[in-house]
Amino acid sequence: MPTKLENHLQSIDLITNDAFDNFIGLPAEKIHFKPDPKTWSIAENIEHLITINKTYFPIFEKLKNGSYQGAFIGRFSFFNNLFGDMIYKSVSDGGKKKQKTFPLWEPKITDEDTGVLERFKQHQEELKKWIVQMEPFVEKNQIIHSPANKLIVYSLEKAIEIIIAHEQRHLDQAKNLLLTKI
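Criteria and cut-off values
- Residues numbered from 1 in each chain as written.
- Predicted model: local features only at pLDDT ≥ 70, side-chain atom pairs only at ≥ 80, totals over all residues.
- Heavy atoms only, no water.
- Core = buried A, V, L, I, M, F, W, Y, C linked by side-chain atoms within 4.5 Å.
- Buried < 20%, exposed > 50% of the residue type's maximum accessible area, 1.4 Å probe, protein only.
- Helix = DSSP H or I, 4+ residues; strand = E, 2+ residues; numbered from the N terminus.
- Contact = heavy atoms within 4.5 Å.
- Salt bridge = Lys/Arg side-chain N within 4 Å of Asp/Glu carboxyl O.
- Axes fitted to C-alpha atoms, helices over the stretch in contact; angles between N-to-C directions.
- Parallel < 35°, antiparallel > 145°, perpendicular 65-115°, else oblique.
- Left-handed = near helix turned anticlockwise from the far one by under 90°.
- Nonpolar A, V, L, I, M, F, W, Y, C, P; charged D, E, K, R; others polar.
- Expected span 1.5 Å × (residues − 1).
- Phe/Tyr/Trp six-rings, centres within 6.5 Å; stacked < 30°, edge-to-face > 60°.
- Lys NZ or Arg CZ within 6 Å of the ring centre and 35° of its normal.

1. Quick look at the nonpolar core
Phe 23, Phe 60, Leu 63, Ile 144, Tyr 154 and Leu 156 are the most contacted members of the largest nonpolar core, which has 48 residues in total. At the level of elements, α1 (4–23), α3 (42–54), α4 (57–65), α5 (77–91), α6 (116–139), β1 (143–145), β2 (153–155) and α7 (156–176) are the ones that each hand at least two residues to this core. Leu 63 has contacts with Tyr 68, Met 134, Phe 137, Gln 142, Ile 144 and Leu 156, leaving out every residue within four places of it along the chain.

As structure tokens, then:
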């Protein structure tokens, strides 16, 4: 039976492969097409994932080098479970409920940018390396804070689950754009 770590890595590989299978070879107009101003393009969805996931890397780095200082609120399991479950539920709803992202996670990409898929593939490999390095901390039930707000706390394991569910959510949103006409 695969371990949680193996399942996480496999999920990331499946998401990466699904993105490539669906979007590689698409013309730039299709990758950057927005059916309306409030809907992100395929490229923006992918760039958003790179942007948001990278904001976890400094936290991972601090855990690794022993300099991470958790928020006081993280000492209370009630809050860890509440926030972790709430965020996970919000990102794993299949994209049914639209949500506004924090400004630091807004995708910044131009219509001329054609390298987003290759960056995503490289990013996914980096993400997997971090997840492997974080395994000892997952085993210790390490509590971290959200990169967006130190008062939002959850377990490192839940953070990884949130990252994966969030990736799937945006991949699904991007795939839905394949059905729209330019």
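2. A look at the pattern of salt bridges
Tallied over the entire structure, the rule returns eight salt bridges. The residue Glu 44 makes a salt bridge to Lys 34 at a minimum N-O spacing of 3.3 Å. Note that Glu 44 is positioned in helix α3 and Lys 34 in the loop between α2 (28–31) and α3, a separation of 10 residues in sequence. Residue Glu 44 is classed as buried on the basis of its relative accessible area of 13%.

3. So, the packing of α6 against α7
Interhelical geometry of α6 versus α7 gives an angle of 160° and a closest axis separation of 10 Å. Classed by the angle they form, the pair α6 and α7 counts as roughly antiparallel. Judged by the twist between their axes, the crossing of α6 over α7 is left-handed. Residue-level inspection shows Phe 120, Gln 124, Leu 127, Ile 131, Met 134, Phe 137 and Val 138 of α6 in contact with α7, the latter providing Leu 156, Glu 157, Ile 160, Ile 163 and Glu 167. Of the residues contributing to the contact of α6 with α7, the split by class is nine nonpolar, one polar and two charged.

4. Description of α3
The first and last C-alpha atoms of α3 sit 19 Å apart over 13 residues, in line with the 18 Å expected at 1.5 Å per residue. When α3 is considered as a whole, its buried residues turn out to be Ile 42, Ala 43, Glu 44, Asn 45, Ile 46, Glu 47, His 48, Leu 49, Ile 50, Thr 51, Ile 52 and Asn 53. Against α1, α2, α4, α6 and α7 lie the buried residues of α3.

5. Some remarks on unusual backbone geometry
Look at Asn 141: it is not a glycine, yet its phi comes out positive at around 60°. The residue Asn 141 is located in the loop between α6 and β1 in this model.

6. Remarks on the packing of α3 against α6
When two helices pack together, their arrangement is captured by the angle between the axes and the distance separating the axes. Axis separation between α3 and α6 bottoms out at 10 Å; the angle between their running directions is 30°. Between α3 and α6, the crossing angle belongs to the class labelled roughly parallel. As for how α3 packs across α6, the hand of that crossing is left-handed. Here Ala 43, Ile 46, Glu 47, Leu 49, Ile 50, Asn 53 and Lys 54 of α3 come into contact with α6, specifically with Val 116, Arg 119, Phe 120, His 123, Gln 124 and Leu 127. Taken together, the residues that form the contact of α3 with α6 break down as seven nonpolar, three polar and three charged.

7. Quick look at the packing of aromatic side chains
According to the stated counting rule, one finds eight aromatic pairs in the structure shown. Summarising the aromatic geometry, the rings of Phe 72 and Phe 76 are spaced 5.5 Å apart at their centres and angled 75° between planes, so their arrangement reads as edge-to-face. On the basis of relative accessibility, which here comes to 54%, the residue Phe 72 falls in the exposed class. Between Phe 78 and Phe 79, the aromatic rings sit 5.3 Å apart at their centres with planes inclined by 75°, giving edge-to-face as the arrangement. The class of Phe 78 is exposed, set by a relative accessible area of 55%. Sitting over the ring of Phe 20, Lys 121 keeps its end group 5.2 Å from the ring centre. The side chain of Lys 158 reaches across the aromatic face of Tyr 88, ending 4.9 Å from its centre.

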